[in-house]
Amino acid sequence: MEKSIEEIIYEETEQRLKEMSSPDYEFPTKADKADVIGIIAAVGISLVLIVLCMTGVIL
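First, a word on what this report is: a plain description of the structure on this page.

## Comments concerning the packing of aromatic side chains
Tallied over the full model, the rule gives one aromatic pair. Summarising the aromatic geometry, the rings of Tyr25 and Phe27 are spaced 4.8 Å apart at their centres and angled 85° between planes, so their arrangement reads as edge-to-face. For Tyr25, a relative accessible area of 27% puts it in the partly exposed group. Since its relative accessible area comes to 55%, Phe27 is described here as exposed.

This is the structure we're talking about:
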């Protein structure tokens, strides 16, 4: 019998919370200035490409 998506989500969440609560778990570093610049650049490029597609420059 297949598990429902809800059961799979609950099991995965429980497993990840257990892993994160272990004393030897290392949390990822916080986003720094370079990360923020990269995110803003990616969003800006995406917006430019969307506008170019909408105006018919890119097909």
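## Notes on the pattern of salt bridges
Inspection of the entire model under this criterion finds two salt bridges. One salt bridge connects Lys3 with Glu11, and the closest N-O pair in it is separated by 2.7 Å. On the basis of relative accessibility, which here comes to 41%, the residue Glu11 falls in the partly exposed class. The closest approach of N and O atoms between Arg16 and Glu12, which form a salt bridge, is 2.7 Å. Of this pair, Arg16 and Glu12 are both found in helix α1 (residues 5-20), four residues apart, which corresponds to roughly one turn of the helix.

## Some words on helix α2 (residues 33-55)
Since one α-helical turn is 3.6 residues long, residues separated by three or four positions face the same way. In this model, α2 (23 residues) spans 33 Å end to end at C-alpha, consistent with the 33 Å of a helix rising 1.5 Å per residue. Phi turns positive one or two residues past the end of α2, at Gly56, with a value near 90°.

## Details of the environment of Thr55
Structurally, Thr55 is set in helix α2. Sequence separation between Thr55 and Phe27 is 28 residues; the distance between their C-alpha atoms is 44 Å. At 3.1 Å, the side chain of Thr55 and the backbone oxygen of Leu52 are in polar contact.

What counts and what doesn't
- Residues numbered from 1 in each chain as written.
- Predicted model: local features only at pLDDT ≥ 70, side-chain atom pairs only at ≥ 80, totals over all residues.
- Heavy atoms only, no water.
- Phe/Tyr/Trp six-rings, centres within 6.5 Å; stacked < 30°, edge-to-face > 60°.
- Buried < 20%, exposed > 50% of the residue type's maximum accessible area, 1.4 Å probe, protein only.
- Salt bridge = Lys/Arg side-chain N within 4 Å of Asp/Glu carboxyl O.
- Helix = DSSP H or I, 4+ residues; strand = E, 2+ residues; numbered from the N terminus.
- Expected span 1.5 Å × (residues − 1).
- Polar contact = N/O pair within 3.5 Å; in protein donor to acceptor, adjacent residues only side chain to side chain.

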